[in-house]
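Working through the structure, step by step
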Amino acid sequence: MTQRTSKITTSHWGAFVVSVEGERIVDTAPFDADPAPSEIAHHVPAAVHHASRIDRPYLRKGWLTKSKDTLRGEDEYVPLPWDEALDIASQEIRRIKSEHGNSSIFGGSYGWASAGRFHHAQSQVHRFLNCIGGYVSSYASYSTGAAQAIIPHVLGLNFHKMTWGETNSWSQIEAHTGTLVMLGGINPKNAQVSMGGTTEHTTAAQFERFAALGKRMVSISPQRDDSPDQTDWIPIEPGTDVALMLALAYILEKEDLVDRKFLSSHCVGYEQFLSYLLGQSDSQVKSPQWAAPICGISPDQITALAKTMGSGRTLICLAWSLQRARHGEQPYWMACVLAAMLGQIGLPGGGIGFGYGAIGNVGKSALRLKGPLFEQGKNPVEDFIPVSRIADMLLNPNGAYDFNGQRRSYPDIRLVYWCGGNPFHHHQDLGRLSRAWQRPETIIMHDPWWTATAKRADIVFPATTQFEREDIGWAKGDPYLFHMPQMIPPVGQARDDYEILTQLAARLGCAETFAQGKSAEQWIVKAYDRFAENAGHDGIEIPSWEGLKSSNYVRLPIDVGQADQVPFEAFRTDPLANPLGTPSGKIEIYSSTIAGFSYDEVPGHPVFHPPQTQSEYPLRLLSPQPGDKLHSQFQAAIEEKKSHAALVIHPADAEDRGIQQGDPVKVQNNKGSCVATAMLKTTVKPGVVSLPTGGWFSPSAGRVDLSGNPNMLTDDCGTSLLGQGAAAHNVGVQVIKASNTQ
Ligand SMILES: Nc1nc2c(c(=O)[nH]1)N[C@H]1C(S)=C(S)[C@@H](COP(=O)(O)OP(=O)(O)OC[C@H]3O[C@@H](n4cnc5c(=O)[nH]c(N)nc54)[C@H](O)[C@@H]3O)O[C@H]1N2
Ligand SMILES: Nc1nc2c(c(=O)[nH]1)N[C@H]1C(S)=C(S)[C@@H](COP(=O)(O)OP(=O)(O)OC[C@H]3O[C@@H](n4cnc5c(=O)[nH]c(N)nc54)[C@H](O)[C@@H]3O)O[C@H]1N2
Ligand SMILES: [Mo]
């Protein structure tokens, strides 16, 4: 009998036990210390050994033969030996560099890749591209593009401070918050995941504690399931949260529940906003009667909620999804205004919070150590694009665009290098991306699997998975530290990203800067030792690398819940001595900076823009994160067990269309259609349907995506000229019963 060995590793969805027999992963099991382990690990054995693994390097036939007849996405692939493929790739990089310069190389390479501090695909490829003279990078993320643009103007916080810095911890909420208002919910399903992993999943348990304490919890969302059962659900029409918040603000104003002292001492511009709220500037009073038909919430319910919010300690929490839509900056700005009117910013358990439940480590207050890092070096090319403007960039070389007060122009990209992401899962309007993707001369890609993007690259290098190499597992705010052991040899001819890039660097004459003659293990030990030294300065003792290897993991002596700082406390106490990072140093209800940009769609204070609707496509499509996986990862293995992606539709909408539970359906609009299986549920607001992301885009000739990827249907438009973020949520679709989904 083959011997079985088991070890613990970690991942973006937490720690788990991996069991190996011979050269195969055969099983996984939960990590004992995790009270609510994620199910995602179950897919690991099937996915790691799946037929969709890339077994060796490949080149696209049409690219190799310089044929113009085949398009990316429709071509065959030719296997090549490693050395030959690396030679060809390095020659091509050298050619493009010398003919068009480094600013013709796009290396943004957005994506989550895998956990592990050294073998982080994006850090690896960025360091490599820096060593060869730089690359056009991408700014911000698909997660929080609009928030990262608006919040610095309003609260003066960068991304890290917005997410982890000025945030009430769960323990502060438990101790002080009376009413928790959650726009977009707080979903333990999404909190399974965080960058580098959350080891103890406690979000669901936290809600049980809140409920036991009798806290009022309200989830305002198109879907009931966005928050645990203990919360009250107020269904809302997608994209109308600003209208609701305006009406709440109107009642606070009318009922004199506004903290006027706070507004004058800590904020600027309430007067300009008030004139809009009361309809003096646009002849529309933002009353509950006005908002009710827009949001689908009755005036009485709005008024009652406003009074509750105004009568005790209230925390307003926003899911990131609200800003992942056209005009996504506005709900974030408006929520800050509402919180400012309540005057509780800077009090424990009050004010505003972003992204709780989006990822599992928000709200945990463990000491934040400086993590082990593989330095990326400096990028000599300064040019960047807002991350989700990629198709615009490829379609409009040298084209002008606006972004957050800057007038910029797109670079002329000849080479795309992607490592650790899947744009043909994550980008909006994939039909448009398919057209844009034909433009570059060359696309190089590393991935362990034949994803939709790998199938659209010219040079494809097979990368190892995290189970085929050794690494350090550590995540911000998590008290656990892991040795991530190599469990099996590389599958097929796969190599580590580091090894692939080292071999390319050698061919390009920059091995000394990229690899410095070090093995992966030498780098890991170096990064680990520096981490241990830094932690020592913070009074935390870290085992030696050898010690960690033998114990597999340690729980560091960090008390989650101890480092409780009240967000904005110093600013509240003395706003002049401790100003915010905004131009006025105060909360900018009106921003002269934004007003100065003269964008019609983004005036100097928050405004409501009604979502655009088309009568042929009457249902609003949500495309949330998938509960059973991390984005598109392991998709081929998961798909084998299930039929199509499940589209949640209200029974009344299904009945109108003759659709029954389990029926194959087509979800369509003017961009194309995708297939799905109908799941009838009353947990979705009538008129709204929900299809999770994660499909490996595979369109048929008739623009039908057979993978069920909602991005076949989403808008690739940017949130606004201010944020230029991804605007995936909330587009119009029709759903029809499909007898044959091919
Ligand atoms: N409609 C719609 N679209 C969305 C969203 C939405 O809400 N709605 N959400 C958006 C958001 S917030 C995000 S973050 C994105 C996520 O989009 P992505 O981050 O692109 O999604 P992943 O599937 O995690 O892609 C990671 C890829 O890295 C590969 N990989 C894993 N480990 C390694 C490795 O070690 N080396 C290499 N080379 N590759 C590796 C995986 O196989 C996978 O193909 O999707 C966005 N798209
Ligand atoms: N299991 C799992 N968890 C994940 C991920 C994953 O792939 N798998 N991905 C992670 C990543 S990268 C990110 S960025 C986060 C994203 O975290 P979020 O952005 O919070 O998550 P979403 O799932 O996109 O959206 C949450 C809910 O918002 C609601 N919603 C949509 N539009 C509106 C609206 O206009 N108004 C209101 N009030 N509600 C709306 C929808 O009902 C949706 O279910 O999740 C992370 N968590
Ligand atoms: Mo994300």
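Residues numbered from 1 in each chain as written. Chains lettered and ligands numbered in written order. Predicted model: local features only at pLDDT ≥ 70, side-chain atom pairs only at ≥ 80, totals over all residues. Heavy atoms only, no water.

Here the focus is the site of ligand 1. Surveying the vicinity of ligand 1 reveals 34 residues, the closest of which are Ser114, His426, Asp447, Asp497 and Ser632. Contacts to ligand 1 include Trp112, whose backbone N or O atom sits 2.9 Å from an oxygen atom. Asn422 places a main-chain nitrogen or oxygen 2.9 Å from an oxygen atom of ligand 1. The protein chains hide 98% of the 920 Å² of surface that ligand 1 would expose on its own. Each residue belonging to the shell around ligand 1 can be placed in one class, and the counts come to 10 nonpolar, 20 polar and four charged. (Near = heavy atom within 4 Å. Polar contact = N/O pair within 3.5 Å; in protein donor to acceptor, adjacent residues only side chain to side chain. Areas by Shrake-Rupley, 256 points an atom, 1.4 Å probe, with all protein chains shown as cover. Nonpolar A, V, L, I, M, F, W, Y, C, P; charged D, E, K, R; others polar.)

Right, let's talk about the sheet that holds strand S9 (residues 216-221) for a bit. What links the strands of a sheet is backbone hydrogen bonding, and the strands pair in either a parallel or an antiparallel sense. Read across the open sheet, the five strands follow the order S10-S9-S8-S12-S13; overall the sheet is parallel. At either margin of the open sheet sits one strand with a lone partner, and together these are strand S10 (232-235) and strand S13 (351-354). Shown here is a sheet whose adjacent strand axes are inclined to one another by a mean of 20°, direction ignored. Pairing between strand S8 (residues 179-183) and strand S12 (residues 314-318): five bridges, direction parallel. In the sheet register, Thr179 faces S12, and the bridge partner there is Thr314. (Pairing = 2+ DSSP bridges. Helix = DSSP H or I, 4+ residues; strand = E, 2+ residues; numbered from the N terminus. Axes fitted to C-alpha atoms, helices over the stretch in contact; angles between N-to-C directions.)

Another point: the environment of Leu713. Here Leu713 lies in the loop between strand S29 (704-705) and strand S30 (731-737). For Leu713, a relative accessible area of 0% corresponds to the buried category. The spacing of Leu713 and Gly732 is 19 residues in sequence and 8.6 Å in space, taken between C-alpha atoms. In contact with Leu713, not counting residues within four places along its chain, are Leu621, Val667, Gln668, Asn669, Lys671, Gly672, Ser673, Cys674, Val731 and Val733. (Buried < 20%, exposed > 50% of the residue type's maximum accessible area, 1.4 Å probe, protein only. Contact = heavy atoms within 4.5 Å.)

This part takes up the domain arrangement of the protein chain. Each assigned domain of the protein chain is listed here: domain 1 (58-140 + 372-473 + 480-555), domain 2 (156-367 + 582-596) and domain 3 (619-737). The C-alpha centroid of domain 2 is placed 37 Å from the C-alpha centroid of domain 1. Interface area lost by domain 1 to domain 2 is led by Trp112, Ala115 and Tyr480, which between them contribute 66%. At the junction of domain 1 with domain 2, the criterion picks out one salt bridge. If you look at where domain 1 meets domain 2, you find two residue pairs in polar contact (both at pLDDT 80 or more). In the side of domain 1 that touches domain 2, the residues fall into five nonpolar, no polar and two charged. (Domains from an automatic or database assignment. Buried area = accessible area lost by both parts, 1.4 Å probe. Salt bridge = Lys/Arg side-chain N within 4 Å of Asp/Glu carboxyl O.)

Close approach of charged atoms allows side chains with opposite charge to pair. A full pass over the atoms with the stated rule returns 36 salt bridges. Among the ionic contacts, a cluster of salt bridges with common partners joins Glu92, Arg95, Glu99, Asp412, Arg414 and Glu441.

For ligand 2, the set of nearby residues contains 31 residues, the closest of which are Asp226, Asp241, Ser321, Lys629 and His631. Measuring from an oxygen atom of ligand 2, one finds a side-chain N or O atom of His729 at 3.3 Å. Here ligand 2 loses 97% of its free accessible area of 920 Å² to cover by the protein chains. Of all elements in the fold, only helix H8 (188-191) and S9 reach the threshold of two or more residues within the shell around ligand 2. Taken together, the residues that form the shell around ligand 2 break down as 14 nonpolar, 12 polar and five charged.

Following both chains from N to C, one finds helix H13 (residues 288-295) and helix H14 (residues 299-310) inclined at 115°, their axes separated by 8 Å at the closest point. The orientation of H13 with respect to H14, classified from their angle, is roughly perpendicular. Judged by the sense of rotation from one axis to the other, the crossing of H13 with H14 is right-handed. Within the contact between the two elements, H13 uses Pro288, Gln289, Ala291 and Ala292 and H14 uses Pro299, Ile302 and Thr303. Its residues placed into classes, the contact of H13 with H14 shows five nonpolar, two polar and no charged. (Parallel < 35°, antiparallel > 145°, perpendicular 65-115°, else oblique. Left-handed = near helix turned anticlockwise from the far one by under 90°.)

Our focus in this paragraph is empty space enclosed by the protein. Enumeration according to the criterion identifies two cavities of 30 Å³ or more in this entry. Of the pockets and cavities examined, the largest cavity occupies roughly 50 Å³. Within the lining of the largest cavity, the residues separate by chemical class into five nonpolar, six polar and no charged. When we break the lining of the largest cavity down by domain, the ones giving at least three residues each are domain 1 (58-140 + 372-473 + 480-555) and domain 3 (619-737). Computed from the structure, the second largest cavity encloses a volume of approximately 40 Å³. Lining the second largest cavity are Phe118, Leu373, Phe374, Glu375, Trp523, Lys526, Ala527 and Arg530. Here the residues of the lining of the second largest cavity sort into five nonpolar, no polar and three charged. (1 Å grid on protein atoms, 1.4 Å probe; cavity = no way out; pocket = protein on both sides within 12 Å on 5 of 7 lines; lining within 4 Å. Points joined across faces, edges and corners; volume = space filled by probe spheres on them.)

Counting 162 residues, the largest nonpolar core has Leu155, Phe273, Phe354, Ile390 and Leu647 as its most contacted members. What Ile390 contacts, discounting residues up to four positions off in sequence, is Phe106, Tyr142, Ile385, Trp418, His427, Leu433 and Trp437. If you look at the next biggest cluster of nonpolar residues, it comprises 52 residues, including Phe118, Ile132, Ile472 and Ile542. (Core = buried A, V, L, I, M, F, W, Y, C linked by side-chain atoms within 4.5 Å.)

This part takes up the side chain of Asp478. Mapped onto the secondary structure, Asp478 falls in the loop between strand S20 (471-474) and strand S21 (480-484). Here Asp478 occupies a buried position and makes no salt bridge, while the nearest side chain of opposite charge, Lys364, is found at 4.9 Å. At a separation of 3.3 Å, a polar atom in the side chain of Asp478 contacts the main-chain amide nitrogen of Tyr480. In this structure, Asp478 is in contact with Gly197, Thr198, Thr199 and Glu200, ignoring residues within four places of it in sequence. (Lys, Arg positive; Asp, Glu negative; His and termini not counted.)

Spatial ordering of the open sheet is given by S20-S21-S22, a layout of three strands whose pairing is antiparallel. Each of the sheet's edge strands pairs with one partner strand only, and the pair in question is S20 and strand S22 (553-555). Neighbour to neighbour, the strand axes of the sheet diverge by 10° on average, direction disregarded. Where helix H21 (residues 520-537) meets the sheet, it contacts S20 and S21, and its direction lies at approximately 35° from that of S20.

Let's shift gears to unusual backbone geometry. Although it is not a glycine, Asn398 sits at a positive phi angle of roughly 65°. If you trace the backbone, Asn398 turns up in the loop between helix H16 (390-395) and strand S15 (400-403). Given a relative accessible area of 56%, Asn398 falls into the exposed group. Here Asn552, not a glycine, exhibits a phi torsion of approximately 75°, which is positive. Here Asn552 shows up in the loop between helix H22 (545-551) and S22. Since its relative accessible area comes to 10%, Asn552 is described here as buried.

Bridging between S12 and S13 involves four bridges; their strand directions are parallel. Within S13, the residue paired with Ile316 across the bridge is Ile352. Read as a crossover between parallel neighbours, the route from S12 over helix H15 (residues 329-342) to S13 is right-handed. (Right-handed = clockwise from strand over helix to strand, strands pointing away.)

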